[in-house]
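Observations on the model geometry
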Amino acid sequence: MSLVTELRLGRLTVRGASLGGLYTALHVPELDLLLDAGLPLRGGATARRLLLTHAHLDHLGALPALLGMRGMMGGGDKPLEVLCPRGVEGGLRESLRHLSALHAWPLDVTARPLDAGDEVELRPGLWLRALPAYHPVPTLGYLVFERVEKLKPHLRGLPAEEIKALKRAASAEGGAEGGAEGRAESPFDVEERPLLAYLTDTLPEALKRSPAAMRARVLILECTFLNDVKPVRVARAGCHIHLDELEPLAPLIEAEAVVLMHFSQIHKPSEVRALCEARLRPHLGARLHLLLPPPEQGDRWWL
Ligand SMILES: [Zn+2]
Ligand SMILES: [Zn+2]
C-alpha cells in the first residue's frame, strides 16, 4: 500500500501527504521540486530543489531525515538547494550544522533566501517567483511559470534571417545597430505562462494578491478548516484558509487543477470530501482535487 497520494494533473504529477499542523510534503518530479519537508519523501530525496514556505515544523521538521536519505541514496552530486523566506536561512544552516555533527555525516544544503517578488531561473525558460503569504512567521508562496518569447504581431511573416538580425540588434550592447539607449527593440513579446502555484499557511488574501496563481495550470492551496467546529474567526487568528472564505473565491479561480490540502485532523477524510464536494464542486467541477489518503486506507489519515 502506498503511503503517499499521487495525483496526475496533465503535465504534472503531485505526490505526497499533508495534514494541517502535522505534516506537509509534496514532490513534483517533472519539475524536480519538493514542496515543503514535513515528511521525508523517499521518492523525492534526490530532487534538486526544495521550496520551503516557512519554518513551522509541519513543513520543515523532516528535512534532516530527508538529507540523511539523500546521502544514503548517493543523491546529490550537489547539495539540495533550499529556497526559503529571508531570515530562515541562518537558523537552517546552524541547526543542520549541529545535526551533521551528531550524525557524523554532512547534511549540507544551499539555502537561498527570497523576498516576495524575487525570481529564480530554474532551467532555461522555466522560472520561479516568490509570492507574498500571510502567517505569523516569515512565509512565502511560490509560482513556477514559463517565460515564452512570441514574435510581435506586426513582424509575423518576416523571413527568419531578418528576425535573427533584429534579435541580434536587440541583444547587442551599444554599437551602431542600437537604438537611443544603445539597444534596438526586441522583435519578441515575452509571455508568462503560470504552471504551478503553491500557497499554504496563509490567509486567503494571498490568493487575491497573486492573480497569476489563480491562473496557473495547477494551483495547490491549503484549506485547513471546513465548518463551524473551527469558524472563520479561529482560522484567521491562526492565519489559515477556511472553506467559508474560499468558496466565494472559487468562481475566480481559472486553474486547470485545484488541489486542496493541509486539512485539519479535526475533520476525517470522508468529512473533508463531503464538505468540499458540496461547497466547491459546483464552482470547480472536475478541476477540484483533494489531497486525501488513498481509498484503501479507509477513513484514516496517512500517519
Ligand atoms: Zn502548516
Ligand atoms: Zn504554519
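So, here's what we can say about the structure. (Residues numbered from 1 in each chain as written. Chains lettered and ligands numbered in written order. Predicted model: local features only at pLDDT ≥ 70, side-chain atom pairs only at ≥ 80, totals over all residues. Heavy atoms only, no water.)

1. Describing the side chain of Asn227
Looking at the element boundaries, Asn227 is found in the loop between strand S12 (218-222) and helix H7 (232-237). A relative accessible area of 18% places Asn227 in the buried class. A distance of 3.1 Å separates a polar side-chain atom of Asn227 from the backbone nitrogen of Val229. Those residues within four positions of Asn227 in sequence are excluded, and the remaining contacts are His242, His267, Glu271 and Leu275. (Helix = DSSP H or I, 4+ residues; strand = E, 2+ residues; numbered from the N terminus. Buried < 20%, exposed > 50% of the residue type's maximum accessible area, 1.4 Å probe, protein only. Polar contact = N/O pair within 3.5 Å; in protein donor to acceptor, adjacent residues only side chain to side chain. Contact = heavy atoms within 4.5 Å.)

2. As for the coordination of the zinc ion (ligand 2)
Listed as protein donors to the zinc ion (ligand 2) are His54 (NE2), His56 (ND1), His135 (NE2) and Asp201 (OD); their distances from the metal cover 2.2 to 2.3 Å. Coordination at the zinc ion (ligand 2) comes from four donor atoms whose angles at the metal span 92 to 170°, giving a geometry best classed as irregular. Between the zinc ion (ligand 2) and the zinc ion (ligand 1), a spacing of 3.7 Å is present, and a bridge between the two is formed by Asp201. You can see His56 sitting in the loop between strand S5 (49-51) and helix H1 (57-60) and its partner His135 sitting in the loop between strand S9 (126-132) and strand S10 (140-151), a full 79 residues away along the chain. Residue His135 is classed as buried on the basis of its relative accessible area of 12%. (Donors = N, O, S within 2.8 Å, 3.2 Å for Na, K, Ca; no water. Tetrahedral: all angles 85-135°; square planar, octahedral: opposite > 155°, others 65-115°.)

3. Some remarks on the packing of aromatic side chains
In this structure the tally under the stated criterion is two aromatic pairs. Judged by centre distance (6.4 Å) and plane angle (75°), the ring pair of Tyr23 and Trp302 falls under edge-to-face. Residue Tyr23 is located in strand S3 (residues 23-28), and its partner Trp302 is located in the segment after strand S14 (288-290); the two are separated by 279 residues in the primary sequence. A relative accessible area of 5% means that Tyr23 is categorised as buried. Residue classification places Trp302 among the buried residues on the basis of a relative accessible area of 6%. Considering the side-chain rings of Trp301 and Trp302, the 5.8 Å spacing of their centres and the 40° angle between planes classify their relative orientation as tilted. Of the residues examined, Trp301 reaches a relative accessible area of 12% and is grouped as buried. (Phe/Tyr/Trp six-rings, centres within 6.5 Å; stacked < 30°, edge-to-face > 60°.)

4. With respect to the nonpolar core
In terms of nonpolar packing, the biggest core is built from 70 residues, with Ile220, Leu260 and Phe263 touching the most fellow members. Setting aside chain neighbours within four positions, we find Ile220 in contact with Val14, Leu26, Leu35, Leu196, Ala197, Tyr198, Leu199, Val259 and Met261. (Core = buried A, V, L, I, M, F, W, Y, C linked by side-chain atoms within 4.5 Å.)

5. Re the coordination of the zinc ion (ligand 1)
Coordination of the zinc ion (ligand 1) by the protein comes from Asp58 (OD), His59 (NE2), Asp201 (OD) and His262 (NE2), over a distance range of 2.1 to 2.3 Å. Viewed at the metal, the four donor atoms of the zinc ion (ligand 1) are separated by angles of 91 to 153°, and the geometry they form is irregular. In the primary structure, the donors to the zinc ion (ligand 1) are separated according to the pattern D-H-x141-D-x60-H.

6. Observations concerning the pattern of salt bridges
What the rule picks out here adds up to 21 salt bridges. The salt bridge involving Arg112 is made with Glu81; its shortest N-O contact spans 3.2 Å. Remark: Glu81 occurs in strand S6 (residues 80-85) and Arg112 occurs in strand S7 (residues 109-114); sequence separation between them is 31 residues. Arg112 sits in the partly exposed class, given a relative accessible area of 36%. Here Lys164 ties to Glu161 by a salt bridge, and the two come within 3.8 Å at their closest N and O atoms. On the criterion of helical spacing, the pair formed by Lys164 and Glu161 is a turn pair, its members being three residues apart in helix H4 (residues 160-171). Residue classification places Glu161 among the exposed positions, given a relative accessible area of 53%. Overlapping salt bridges, with partners in common, bring together Glu119, Arg129, Arg147 and Glu192 in one network. (Salt bridge = Lys/Arg side-chain N within 4 Å of Asp/Glu carboxyl O.)

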